[in-house]
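Structure assessment
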Amino acid sequence: MATHYRTWGFVLKKENIREDDRLLTIFSKDFGKLKILGRAIRKIKSKLRGGSQLFTLSEIEFIQGKTYKTLTDAILVKDFPEIKKNLGKLKIAYQISQALDNLVRGQEPDEKIWKLLNETFKRLNNLQFTVYSLQLIYYYFLWNLLSFLGYTPQLYHCALGQEKLIPAQIFWSSKEGGVICKNCSKKIKETFFKIEPDTIKLLRLILKKDWVTLQRLKIDRGLHQNLREVSKNFYSYILSQIE
Ligand SMILES: [Zn+2]
């Protein structure tokens, strides 16, 4: 008889396959990222439906087959109703799930990522935010996830020549892994661009996991754009490295 595995997990992605089946991407407490087949899960009568909703925490049970893991039980543990009600929050939940699915490749338990995911969903559900600070939840998740996976950026001195940073003359290079000084920027061939001192401050606070301070900050459009540019550039660079 097949062994049944039980764990808690966040349902992050659902793909419809064949007539009534669905392939679920779940980040679990005990196994890390899992791809599990939900057989006949799209049928109205399926007992697995309630516990396999997107962006919920569920207790799941599965068996390991030759090719697939198959879901055998799913019980809802925690719903996050405010995420589903708000389109802005829902969008962030999709971004978070996608980043995790893209960056975490293998199946391996990870206590830190599990904790980060838990606090991120709670935060997204509970707090009232403006558009920019809602985005901050995503950036907080993304940069900490990257850091847990071994891609902590250099934010305290020049990533290339180790010089002290002069606020008005700093640039970002994803390839060099962080901020670089003006002198070094002249020596490199790859793309680099201006990073605002306030963006560096934000990133430092994010990686210190200082949510209390981050929450109080006023983020204007310009700062948000710079943060988005740096984040997007670093994220795509890392993705291109692991593909
Ligand atoms: Zn330098």
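From a predicted model like this one, the values you see are computed outputs, not experimental measurements.

Further remarks concern the overall build of the protein. Across its full length, the protein holds eight helices and eight strands. Across the 243 residues of the protein, 31% fall into the buried class. Within the protein, residue pairs in contact and separated by at least 24 positions form 54% of the contacts whose partners lie at least 6 positions apart.

So, about the environment of N226. Position of N226 relative to the elements: it lies in helix α8 (residues 221-242). Each residue touching N226, except ones within four places of it in the same chain, is listed here: I195, E196 and T199.

This part is about the domain arrangement of the protein. When the parts come together, some accessible area is lost, and that loss is often what is quoted as the size of the interface. Under the domain assignment used here, the protein contains domain 1 (4-78) and domain 2 (129-242). The C-alpha-based centres of domain 1 and domain 2 are spaced at 35 Å.

Taken in spatial order, the five strands of this closed barrel run β1-β2-β3-β5-β4, and their pairing is mixed. Each adjacent strand pair in this sheet contributes to an overall mean axis angle of 50°, direction not counted. As paired strands, strand β2 (residues 21-28) and strand β3 (residues 32-38) are joined by seven bridges and run antiparallel to one another. Looking at the pairing, T25 lines up with K35 of β3. Of the strands in this sheet, β1 (4-17) and β2 are in contact with helix α2 (residues 87-103), which crosses β1 at around 105°.

Turning to helix α6 (residues 197-207), a few remarks are in order. Along α6, the residues classified as buried are T199, I200, L202, L203 and I206. Projection of α6 onto a plane perpendicular to its axis shows the buried side chains occupying an angular sector of 160°, all on one side. Backbone geometry just downstream of α6 places K209 in the positive-phi region, at approximately 55°.

Basis of the calculations
Residues numbered from 1 in each chain as written. Predicted model: local features only at pLDDT ≥ 70, side-chain atom pairs only at ≥ 80, totals over all residues. Helix = DSSP H or I, 4+ residues; strand = E, 2+ residues; numbered from the N terminus. Buried ≥ 20, exposed ≤ 12 C-beta atoms within 10 Å, placed from the backbone. Contact = placed C-beta atoms within 7 Å. Domains from an automatic or database assignment. Pairing = 2+ DSSP bridges. Axes fitted to C-alpha atoms, helices over the stretch in contact; angles between N-to-C directions. Arc of directions from axis to C-beta.

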